[in-house]
Structures are given as structure tokens and as C-alpha cells.
Amino acid sequence: MLYREVGQYKTNYAADMSVMPLIQDRVGIGIILFIAAVIIPYFGNAFLIQAIMIPFLVFSLAAIGLNLLTGYTGLLSLGTGAFMGVGAYACYKLTTYFPGVNILIWIIASGLFSAVVGVVFGLPSLRIKGFYLAVATLAAQFFLSWCFIRQPWFYNYNASGAIEVPTRTLFGIPVTGATAADATRYYVVLGIVVAMTWLASNLVHGRIGRMWMAVRDMDLAAELIGIRLLRTKLLAFAVSSFYCGVAGALLVFQWYGSAEPAVFDVNLSFFILFMVIIGGLGSLTGSYLGAALIFILPIVLRYIPPHLGIPIRPATVDHIQYMVIGALIVLFLIVEPNGLARLWQIGKQKLRVWPFPY
Amino acid sequence: MRLHRVLLGTALAAATLLTVPLAASSADGIYVPLFSYRTGPFAGSGTPIVNGMADYLNMLNERDGGIGGVKIIVEECETGYDTKKGLECYEQVKAKNPVVMNPYSTGITLPLIPKAAIDKIPILSMAYGLSASADGNTFPWVFNPPATYWDGASMFIRYAGGKEGGLERLKGKKIGLVYLDAPYGKEPIPLLEALAKDYGFELKLYPVPAAEMQNQSSQWLNIRRDRPDWIYLQGFGAMNPTAVKEAAKINYPMDHLIGNWWAGNDDDARPAGDGAKGYLSLDFNQVGTNYKVIQDILKYVVDKGKSQTPKDRVGENLYNRGVLNSIIIAEGIRTAQKVSGKKQITGEDMRRGLESLNINEARLKEIGADGFAAPMKVACDDHNGHNAAYMAKWDGTKWVKGSDWIEPLKSKVRPLIESAAKDYAGANAGWPKRTEACDKSS
Amino acid sequence: MHLIYQIFIDPFVQMGNAPDLLVQTLWEGLVAGVLYSLIALGFVLIFKASGVFNFAQGIMVVFAALTLVGFYEHGIPAYLALALTVAVMFGLAFAVERAMLRPLVNQPDIILFMATFGLTYFLIGFGELVFGGDPKVMIASQLGLPKGAVEIKMAGGLVSLQKIDIAAAIIASLMVAALAVFFQKTRVGRALRAVADSHKAALSVGISLEYIWVIVWFAAGLVALATGIMWGARSEVSFALEIIALKALPVLILGGFTSIPGAIIGGVIIGVGEKIGEFYWGPLLGSGIETWLAYVIALVFLLFRPQGLFGERIIERI
């Protein structure tokens with residue numbers, strides 16, 4: 001009843017083929033953007049912005065990147081962490097060489113470096129398929145991790161091997177570094193993530209997205225109808241790595257404030273992969289939902305016992321948290337293997353016919 | 001199936017409803033958060049340290065009613081040595097007005113250093129963290145007594161030189177550094193390279209990637225090929241026992257293998273058993289329960305069941321290290337109370353207190369730690385003090401005293417620290433100049 | 001010119017100069033390879049029988065080792081502790097089958113793979129809760145495993161072979177032989193291979209999937225226990241061991257995901273290749289190349305022979 005398309009008539013082709021045909025969808029997105037842009041910075045405390053919202057947005061962007069590759073094109077990749085690292089280190093080197101240029105330009109440009117690296121490591125994808133491709137991307141992961149530690153050029157030869165983020169300003173307001181205010185950083189991240197999500201949405205709903213999905217469903221058949229496999233797959237690697245690279249640059253420059261090579265290790269790759277699979281392969285909404293579940297839920301779980309006044313030691317809470325997350329992952333996969341995005345779709349379908357059961 | 005869906009729905013709803021409004025606790029006490037790692041690959045080293053830290057502060061609460069009459073609120077935040085969780089812990093504890101930060105991981109300390117001056121919470125990174133932060137003029141909010149990693153490496157060289165018959169006799173010798181391939185492990189390299197130039201020995205580096213901590217046969221094969229005369233072990237967690245075992249396997253003379261102060265856990269030497277006899281480790285606290293402060297901890301905290309430490313682990317090397325760390329915190333709070341005149345101090349007061357820290361022989365005796373550690377003093381421009389350490393020796397079952405107190409090569413270390421601090425400030429555009437006044441030390 | 005000399009000639013000169021070190025490196029590589037292949041064996045078992053890539057194998061290794069040491073520290077004699085641990089692994093296999101595998105029958109492989117991720121997290125939390133995060137010493141000597149080393153004077157120098165490594169190599173070979181016989185000759189082995197081909201078809205000829213899965217996860221649990229004992233005896237038992245499980249992936253690529261002898265041979269190739277590469281070519285690139293050398297070897301191999309040395313050929317149809 002709430003979600004019906006009754007009464008909404010389309011009078012031209014463009015309106016008919018739009019990505020969000022229902023007015024309820026647009027209103028919903030508007031409300032979410034309003035909450036994100038106005039309510040949260042205004043009413044949220046520093047913990048909410050700094051430790052929950054900024055990381056959540058960064059991880060969602062990385063999850064979108066991985067979803068484009070694994071969910072839409074069907075190429076399992078375990079190198080996400082390394083591609084994020086490439087973006088972060090590229091941004092660092094760029095801003096060290098050209099400190100005068102606007103940092104936002106460099107954050108976006110670092111994605112291009114990441115895209116190039118992604119294409120190089122995606123070249124085996126023509127010969128290798130499925131699970132074996134994951135091993136090729138693991139090679140990328142470990143090789144790039146090794147580069148970040150052992151090649152001192154990446155961290156400007158400093159003694160500790162870790163990179164520190166210098167203070168950069170935008171219109172006179174500090175945007176990176178310790179002096180940047182929480183709200184400023186939050187808006188930068190929000191702006192970039194919203195813009196890139198919009199871009200991704202247009203990509204997957206258009207010709208390129210359909211090419212990717214054809215390759216995912218059956219690549220031999222896709223080749224037969226004229227889709228150039230190598231180009232499509234490499235394009236998927238490039239775009240996905242671009243998103244991961246920007247996410248990595250945002251992670252270091254807007255969240256951590258510094259980075260050591262261990263940040264971009266294989267655990268990060270698995271972390272993002274969990275988000276994508278739990279959220280739903282092949283769905284942008286799913287990337288956000290997966291990031292929310294995998295990232296925010298452990299934090300919530302950690303603070304429930306003190307809230308309810310139960311005295312448990314923090315280490316025990318950590319252990320229980322691992323157990324609960326593990327059990328939840330298995331539970332989700334049993335209940336809905338297609339991820340949270342499918343649950344959301346089912347929910348919307350129920351809303352269509354509510355209050356009737358079917 | 002329907003039941004599944006219902007359960008799932010309620011689980012999700014509950015999870016989203018319980019989002020995070022954190023009330024800042026109205027501290028009627030001095031809040032000291034402890035970042036711990038009782039989980040993860042470094043838990044073997046992390047658990048005794050945080051036990052020691054928590055027990056000493058709780059003992060002060062039980063025995064004396066706190067410091068200056070104000071109770072200390074001790075809270076652990078589990079980081080698992082993971083920078084992500086460490087940053088999250090920082091955000092969480094910031095709201096509760098902590099007086100000092102104990103990140104206990106070089107990886108977590110590095111991102112917190114720029115934030116310390118902005119949020120006005122001093123960082124006490126006792127003998128870890130960024131060595132260059134010993135320069136109080138560049139890092140007014142970071143303290144790392146009693147010695148930096150560079151001091152430790154210089155003490156190792158001095159000891160090795162002493163055993164060879166003089167520092168000049170090191171010329172032409174090979175010195176190896178086995179280190180964890182992480183910022184923590186790389187810390188001593190600049191100093192060792194400088195000393196190699198000065199004294200003419202050859203420095204060989206053997207990095208151990210964190211993922212290969214338990215699989216070190218290649219590094220020790222290389223050591224077998226190169227045959228260095230002395231080896232310095234800058235390791236942590238699971239890397240140490242594997243290194244000691246591998247050294248025993250290739251019959252490396254144990255008295256030429258020296259670990260830094262984080263490679264001196266009982267669990268580091270015990271797995272190699274008798275093969276590790278003679279293994280040396282730098283130490284700046286004594287081992288054992290034969291000190292009044294440890295006896296008080298046993299009496300007031302452990303025996304009363306208020307501690308997470310098993311009784312037979314009290315007095316271990318890293319446990320006593322944690323106790324020493326808490327002694328520094330407590331003395332810092334006491335000095336801050338004196339300097340500021342307030343009982344309920346803030347982070348800024350704590351900074352002044354730590355900067356005026358002066359734990360001399362008499363004070364050590366007063367608190368029941370006579371001989372437990374060397375006296376230490378912090379100054380406005382020197383936030384470290386470059387104090388002495390000694391060599392502890394593993395006799396097969398426990399650590400015993402293996403040498404007298406060794407002074408670091410201050411003349412070599414201090415100029416390097418100052419130039420490193422200058423480099424750090426230069427590399428981070430906009431690093432604030434020190435504006436905090438310097439109290440005369442009391 | 002100097003670079004070409006360094007890459008192609010100098011390492012062999014070094015090998016010739018110190019042949020005892022060469023033999024030692026080969027031996028270390030062999031030992032590392034055998035240990036990797038033990039982990040890979042667990043993967044192969046489960047993949048062969050249920051098509052699931054069990055990411056939790058690494059944590060099962062740690063869990064088995066911790067259980068064994070935990071029982072011993074509570075005062076139970078070593079061999080009884082071993083028997084009890086075997087019983088615990090059986091219980092674990094049973095629980096995994098009931099709670100995880102039964103509801104996920106016939107789901108695509110990636111879902112089952114993800115479920116093993118969930119299992120990994122669960123076992124990490126559970127293991128740390130029950131046993132604590134402290135590292136423990138493996139009770140190698142109490143189980144009758146030898147200590148010390150055999151030192152052979154050869155090739156102009158000393159080559160020392162640790163007795164525990166020799167024992168590990170022998171035990172691994174015995175296990176491989178036993179498992180190979182089990183799969184080829186027994187009824188249960190044939191049933192396992194049938195289940196690997198197709199769950200539905202196996203059900204339709206009357207093979208009880210639940211029974212088979214419990215058996216195969218139990219067998220993988222036994223392999224994990226042996227692996228845990230061997231790895232733990234070499235260093236110590238802690239959760240850091242779990243990271244090493246990732247090394248088994250290149251071994252599987254080389255040997256084939258479904259081949260038991262392939263796991264050993266692949267393991268030895270990867271182990272030896274890794275150690276020789278690290279020792280002789282490592283310093284050129286800045287050392288520490290062990291972390292990715294195995295994957296690059298596997299990748300190069302994949303480009304020429306995608307199914308591995310002994311794996312089954314993948315035939316794609318439209």
C-alpha cells in the first residue's frame with residue numbers, strides 16, 4: 001500500500017527508463033541524504049562522526065568498488081587491501097611532490113594510479129577463472145604489501161616506515177591533518193562518496209553494467225554475442241581499483257591521519273569481501289548494508305554490556321564479539337544467501353502489498 | 001523458514017536500536033584508560049603488561065585510597081594490537097576526560113601523536129613509540145621515559161664492545177639486527193647505521209615479515225651464512241620465541257644474542273628450553289616478587305581476587321614492566337597535583353606533571369621500589385631522560401641479573417634524536433611550535 | 001651487465017661455494033614444504049568430498065593444538081589428552097555438519113566458502129575465550145616426538161637436520177599414503193568422491209550426505225591436529241599460526257584442488273622454491289620476498305596449466 005506505483009504515469013521514454021521510477025524511492029533517498037548531511041553532523045557527537053560515520057562511508061566506497069568487480073563482473077578479488085594501499089600511498093607521494101595543489105584533486109587522482117595497478121594485475125583474468133583468479137589477486141596483495149614495507153621510496157625514506165598526513169587546506173579551512181575538524185572531514189568524505197555512488201549507479205544501469213553482468217553470467221556466451229572479454233574484464237578491474245584507491249586515500253587522509261603498511265594487509269581484503277558478500281553481490285545498496293553490518297555491529301556489540309551494566313572484561317567482550325559475528329555470518333548465509341540487499345528487496349515487496357500478506 | 005525470518009528481523013532491529021549514545025562518565029576520580037591486547041598474535045606479550053599496569057593502580061586505590069585522596073578509575077580498552085581498534089578506543093575514551101594515554105603499540109601511537117596537542121591529552125609511550133618524541137621542544141605532549149629504542153641499541157653496542165675489549169675492537173666485526181618488519185622493528189636502524197659508520201662494524205639487517213613470524217628459517221639460514229658476531233633482536237609477540245628457537249637450532253652462541261626490552265618475556269625464552277640458556281635481554285625493571293611494591297600488590301589486589309593475574313605470573317619480567325609503567329603514571333599524577341595545586345587534574349596538568357617527573361633513589365625507596373628500576377628524570381626539552389638499563393640473563397627457568405646498569409651512548413643518541421624530530425616537523429607542514437611553558441622541575 | 005651477472009650467475013656461484021648451505025636450504029625448503037602440504041591436505045580432503053573450500057582449516061589447526069595442550073595442562077596424561085582431542089575434533093565435525101552444512105546443501109560454492117569464514121571467526125572467538133590468548137608450548141616430547149638434531153658432515157661443511165623435522169616428513173608421508181588408500185580402495189572413500197561430484201546425484205543413489213560430511217570433516221580435523229602438533233613443536237602454539245594457512249593456497253594451485261599426492265608434491269615444490277628464491281635471489285630485491293614468491297610461482301604455473309599438476313581438467317560448456 002505504501003510502495004505502490006499506482007497513480008504515477010510516465011509520459012516520455014526517459015522517465016520510463018529512469019533508475020528510480022517511483023516517487024517513494026526518490027523521497028527516501030532525499031530523506032537519507034538529509035539525515036546524512038544535516039542531522040548527523042548537527043546532532044552527532046565526535047565519536048559518532050569520527051569512529052562510526054567516516055569509516056562506514058570509507059568502507060562502503062571500498063565495498064562498492066569490490067562489488068563492481070566481484071558482484072557485477074563475477075571476478076573474485078582478494079587484492080582490495082593492496083589497491084586501497086596504492087591509492088593511499090599515491091596520494092601521499094603526490095601531495096609531497098606538489099603540496100600546493102588542492103588535496104581533493106589528489107585524492108581523486110590517486111584513484112587513477114590504483115586503476116593502472118589494478119589493470120596490470122587483472123591481466124591474468126583472461127586465462128584464469130573463478131577461484132584461481134582469487135589467487136592471482138592474492139599475489140597482487142602480498143606483492144604490493146611487500147612493496148609498501150620494503151621499498152623506502154613509498155614512505156619518503158623516513159625512519160619509521162609509516163606515513164604521516166600533512167595538513168592541507170581547502171578555502172583556508174584545514175581539511176586533513178590533526179587540526180581538521182570532524183565535521184569538515186565528514187563533509188569531504190560524504191561528498192566524495194555520494195558523487196562516486198551516483199557515478200557507479202549510472203555505470204551499472206547502463207551499457208557497461210550490462211556488459212559486466214553478461215560476463216558474470218556466462219562469459220563464453222557473452223563473447224559469442226560480441227562483447228570483448230579482455231576489455232570488459234580489464235575495465236572492471238580498472239573501475240573497481242579506482243574506487244578502492246579513492247577509498248584508501250580517504251581512509252588514510254580523512255580517517256587515520258597516518259598509516260603503516262600493515263593497515264593494507266590481507267585482513268583488510270577479507271574484511272571488505274565479507275561486507276560485499278553479506279550485503280549482497282551485485283547491489284549497490286548491498287554494499288552500504290554490508291558495510292554497516294560488518295563494521296558497525298561489532299562496535300555496537302562491544303558497548304552493549306557496559307550500557308546494560310553487565311560487568312564483563314573487555315577481552316571477553318572481544319571474544320564474544322568474534323563468536324557472534326561468525327555465527328551471524330553463517331546465519332545470514334543460511335537464511336538469505338543473496339545477502340542483505342535481497343532482504344531489503346523482499347521488504348519493499350512486502351511494502352507493496354501491505355497490509356495484505358501477498 | 002518463517003521462524004528464521006522473524007528471528008533475523010528482531011536481531012537486526014535490536015542491533016540498530018542500540019546505537020551508541022555514549023554518556024561521558026562524570027569522573028569523580030582520575031580516569032586512566034589502558035589500551036590492552038589480550039587477544040591477537042601479540043597477546044602473549046600484551047597480557048602480562050596490562051595485568052601489571054592495572055594491578056599497581058588498583059593497589060594504590062586499595063591501599064592509599066587513590067593518589068592525593070582521589071581514586072583512580074582504571075579502564076581497559078581491547079585493541080588486539082590493531083590500529084583500527086586503537087583509534088576507535090581513542091575516540092571512545094576521549095569523551096571521558098582521560099589524563100594520559102597508554103596506546104601500547106607503536107602502530108597506534110603514531111597516528112595519536114598529532115592528536116595529542118589538539119585534544120590536550122599527553123601520551124606516555126614508555127620506551128616505545130616514536131624515538132624522536134624524546135625531543136620535548138617538538139613533541140611537548142609525548143613522553144617516552146626511561147629510554148628510547150635508540151638508547152637501547154646504543155646500550156647493546158656498548159655491551160658488545162665491552163665484551164670485545166673496547167668499542168674500538170668492534171671494527172671489522174659483523175653485527176646483525178633481526179627485526180619485525182614494521183615501524184616498531186625499524187626503529188633502531190638509523191642509530192645502528194650511524195654507529196656502524198663511527199665504529200667501523202658491518203651492520204646486517206634481517207627483517208621478519210609479520211605474517212612469517214613463526215616461519216623464520218630463511219632469516220636464520222642467512223645468519224648461518226653471514227655469521228654475525230653479535231645479534232640484536234628487536235622483536236615482539238610470537239616472533240621472539242621462534243627466533244630464540246631458531247638461534248638454538250643453528251647453535252648460535254646464546255650469550256651473543258641480545259634482545260631488546262620487549263624480547264624479554266618469560267614466554268619468549270621458555271619454549272626453547274635449555275637451548276636458550278644464556279640468552280640476554282635488555283631490561284630496565286627487575287624481575288621477581290622481592291620488592292615491597294610487588295608484595296603490596298599481592299596483598300591488596302591479587303590475594304583479594306581483584307586481579308586478572310594468576311598468582312604465579314606476578315613478578316614476571318613483563319608484569320613488572322607494566323608495574324613500572326603505572327609507577328610512572330602515578331608519580332606523574334602526584335607531581336601534576338603538586339604543580340597545579342588541584343587534586344582532580346586534567347590532561348594539561350598531567351602534561352606538566354610528566355614534564356617535571358623526577359623519580360630519584362629516595363623516592364623509589366619511599367614507594368617500595370628500591371632497586372626495582374633505575375632513577376629517572378624528565379626535563380622540558382628531554383622527555384626521555386636516556387636512563388640506564390641492564391642485561392637480564394635467562395638461566396633456563398627464569399630471568400636473573402646478567403650485568404650491571406649500562407648507560408646509553410648519550411652523545412651519539414641525542415643529536416640524532418634532535419635531527420629526527422626536526423625532520424618529522426619539517427615533513428608535516430604546519431606542525432605547531434611549542435607554546436607550552438616550562439615549569440622548573442620540582 | 002652487472003645486473004645480469006647478479007641475477008643469473010652469482011646465485012649459482014654462491015651455491016657452488018657453499019654446498020653445505022645449499023643442502024641445508026634444500027632441506028629447510030623440504031621441511032617447510034611438507035608442513036605447508038599438511039595444511040593443504042586438510043583443504044583437499046574437504047574440497048574433494050564436499051566442494052567446499054574450507055577457509056577455517058587454519059583456525060582448526062590452532063584449535064586442535066590448543067585443545068591438546070589445554071587438556072595436558074589440566075593434568076591429563078599426554079596420550080589420553082591426544083585421544084580426548086580426537087574426540088573433540090569429532091564433536092566439532094558433527095557440530096559443523098549439523099549447524100552449517102546441512103542448511104546450506106546445494107548452495108553455490110561461494111556461499112559455502114563464506115560460511116567457512118563465519119566458522120573461522122567463531123572458532124577464533126571461542127578458542128580465545130576457552131584457552132586464552134597466551135601462547136603455549138607444544139608437548140612434543142611428551143608425545144614421543146624426538147628432540148635434537150642429526151648433524152651430518154658433508155659437502156665441506158655441516159648440515160644439521162632437526163629430528164622433529166624428519167619425524168614431520170615421515171608422518172606426513174604416512175598420512176598421505178593412508179588417505180590415498182582410503183579414497184581409492186574403501187567404500188567410504190568412493191562415496192566421498194561421489195559426493196564431491198554432485199550432491200544431488202549422490203543423494204539419489206542413497207549415499208547419506210550427513211554421514212559422509214561428518215567423516216570428511218573429522219578426517220580434516222585429524223589432519224589439522226597432526227599439523228598443529230608439528231607446527232607447534234617447531235615454534236609455539238598461538239593464534240599467529242592461523243595466518244600461515246594462507247600459504248596453502250599456492251600449494252593447492254600447484255597440486256590441484258582435488259589431489260592428495262598433489263598436495264605433497266605441490267607443497268614440496270613451493271617450499272623448496274620459496275626458500276631457494278629467498279636465500280639466493282632475495283637480497284637482490286630487498287629480502288623478505290618469501291611473502292609473495294609462492295603466489296607468483298603459483299600464478300605463473302596457473303597461466304600454463306590451470307588445473308594444477310594433478311587436478312581434474314575444467315571443461316566449460318555453454
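Rules behind the numbers
- Residues numbered from 1 in each chain as written.
- Chains lettered and ligands numbered in written order.
- Predicted model: local features only at pLDDT ≥ 70, side-chain atom pairs only at ≥ 80, totals over all residues.
- Helix = DSSP H or I, 4+ residues; strand = E, 2+ residues; numbered from the N terminus.
- Rg over C-alpha atoms; globule rule 2.2 N^0.38 Å.
- Contact = placed C-beta atoms within 7 Å.
- Buried ≥ 20, exposed ≤ 12 C-beta atoms within 10 Å, placed from the backbone.
- Arc of directions from axis to C-beta.
- Core = buried A, V, L, I, M, F, W, Y, C linked by C-beta atoms within 7 Å.
- Domains from an automatic or database assignment.
- Nonpolar A, V, L, I, M, F, W, Y, C, P; charged D, E, K, R; others polar.
- Pairing = 2+ DSSP bridges.
- Axes fitted to C-alpha atoms, helices over the stretch in contact; angles between N-to-C directions.

Comments concerning the overall build of chain B
Argument step 1. Counting secondary structure elements, chain B contains 15 helices and 13 strands.
Argument step 2. At 22 Å, chain B has a C-alpha radius of gyration in line with the 22 Å of a compact globule built from 442 residues.
Argument step 3. Taking the principal axes of the C-alpha coordinates as reference, chain B spans close to 70 × 65 × 50 Å.
Argument step 4. Excluding contacts between residues fewer than 6 apart, the proportion of contacts in chain B whose partners are at least 24 apart in sequence is 71%.

A few points about the overall build of chain C
Argument step 1. Counting its regular elements, chain C contains twelve helices and two strands.
Argument step 2. Along chain C, helices (α) and strands (β) appear in the sequence α-α-α-α-α-β-β-α-α-α-α-α-α-α when read from the amino end.
Argument step 3. Across its three principal directions, the C-alpha atoms of chain C cover 65 × 60 × 35 Å.
Argument step 4. With 318 residues in all, chain C has 53% of them scored as buried.

Quick word on helix H7 (residues 187-197) of chain C
Residue and element names in this part refer to chain C.
Argument step 1. All of the buried residues along H7 are Ala 191, Leu 192, Val 195 and Ala 196. Looking straight down H7, one finds its buried side chains confined to an arc of 145°; they lie on one side. Counted as exposed and oriented over 90 degrees from the buried face of H7: Arg 187 and Asp 197.
Argument step 2. Lining the buried residues of H7 we find helix H2 (19-50), helix H6 (163-185), helix H8 (199-204) and helix H9 (209-234).

Considering the environment of Met 89 of chain C
Residue and element names in this part refer to chain C.
Argument step 1. Residue placement: Met 89 occurs in helix H4 (residues 78-101).
Argument step 2. Look at Met 89 and you get buried, because 24 C-beta atoms sit within 10 Å.
Argument step 3. When the C-alpha atoms of Met 89 and Leu 68 are compared, they prove to be 11 Å apart, with 21 residues separating the residues in sequence.
Argument step 4. For Met 89, the residues in contact, after removing those within four places along its chain, are Ala 64, Phe 218, Gly 221, Leu 222 and Leu 225.

Quick word on the nonpolar core
Argument step 1. Within the largest apolar cluster, 370 residues are counted, with the highest numbers of intra-cluster contacts made by Val 58, Leu 61, Val 135 and Leu 250 of chain A together with Val 216 of chain C.
Argument step 2. Every residue in contact with Val 58 of chain A, bar those within four places of it in the chain, is listed here: Val 189, Ala 247, Leu 250, Leu 251 and Trp 255 of chain A.

Regarding the domain arrangement of chain B
Residues and elements named next belong to chain B.
Argument step 1. Considered domain by domain, chain B is made up of domain 1 (30-147 + 288-387 + 418-427) and domain 2 (149-283).
Argument step 2. Tallying the contact residues gives 14 residues for domain 1 and 18 residues for domain 2.
Argument step 3. Elements represented by at least two residues in the side of domain 1 that touches domain 2 include exactly helix H2 (43-64), helix H4 (106-119) and helix H12 (317-340).
Argument step 4. Top contributing element to the side of domain 1 that touches domain 2 by residue count: H4, with three residues.
Argument step 5. Its residues placed into classes, the side of domain 1 that touches domain 2 shows six nonpolar, seven polar and one charged.

Brief notes about the domain arrangement of chain C
Argument step 1. Taken as a whole, chain C is organised into domain 1 (56-237) and domain 2 (246-310).
Argument step 2. Just the C-alpha atoms count here: the centres of domain 1 of chain C and domain 2 of chain C sit 22 Å apart.

Section: helix H10 (residues 248-255) of chain C
Argument step 1. Taking burial as the measure, the eight residues of H10 of chain C include eight buried ones, the bulk of the element.
Argument step 2. Buried within H10 of chain C are the following residues: Ala 248, Leu 249, Pro 250, Val 251, Leu 252, Ile 253, Leu 254 and Gly 255 of chain C.
Argument step 3. Packing partners of the buried residues in H10 of chain C comprise helix H6 (131-150) of chain A together with H2, helix H11 (260-285) and helix H12 (290-304) of chain C.
Argument step 4. Remark: Gly 256 of chain C follows H10 of chain C within two positions and exhibits a positive phi of approximately 95°.

Quick look at the sheet that holds strand E7 (residues 230-234) of chain B
Across a sheet, paired strands are connected by hydrogen bonds in the backbone, their directions being either parallel or antiparallel.
All names here are of chain B.
Argument step 1. Strands sit in the order E6-E5-E7-E8-E9-E12-E13 across an open sheet of seven strands; the sheet is mixed. Each edge of the open sheet is held by one strand with a lone partner, namely strand E6 (202-208) and strand E13 (399-401). The average angle at which neighbouring strand axes cross in this sheet is 30°, direction not considered.
Argument step 2. By the bridge criterion, three bridges tie E7 to strand E8 (residues 257-259) in an arrangement that is parallel. Residue Tyr 232 lies in a different strand from E8, and its bridge partner there is Ile 258.
Argument step 3. With respect to the sheet, helix H7 (residues 189-199) is in contact with strand E5 (174-180) and E6, its orientation differing from that of E6 by roughly 160°.

What about the interface of chain A and chain B?
Accessible area lost upon the coming together of the parts serves often as the stated size of an interface.
Argument step 1. Contact residues are listed per partner, giving 36 residues for chain A and 41 residues for chain B.
Argument step 2. Mapped by element, the contributors of at least two residues to the side of chain A that touches chain B are helix H3 (46-72), helix H12 (284-308) and helix H13 (314-335) of chain A.
Argument step 3. Ranked by residue count, the leading element in the side of chain A that touches chain B is H3 of chain A, at six residues.
Argument step 4. Among the residues forming the side of chain A that touches chain B, the class breakdown is 22 nonpolar, ten polar and four charged.

A few points about the interface of chain A and chain C
Argument step 1. Facing the 34 residues of chain A at the interface are 37 residues of chain C.
Argument step 2. Looking at the side of chain A that touches chain C, the elements with two or more residues in it are H6, helix H9 (219-224), helix H11 (266-279) and H13 of chain A.
Argument step 3. Its residues placed into classes, the side of chain A that touches chain C shows 27 nonpolar, five polar and two charged.

Some remarks on the pairing of strand E9 (residues 280-283) of chain B
Residues and elements named next belong to chain B.
Argument step 1. Side chains Leu 280 and Leu 282 of E9 all project onto a buried face; the interleaved residues Ser 281 and Asp 283 project onto the opposite face, where all are buried too.
Argument step 2. Across two bridges, E8 lies against E9 in parallel orientation. Counted as the bridge partner of Gly 259 is Ser 281 from E9.
Argument step 3. As paired elements, E9 and strand E12 (residues 390-394) share four bridges and run antiparallel to each other. Paired with Asp 283 across the bridge in E12 is Tyr 390.

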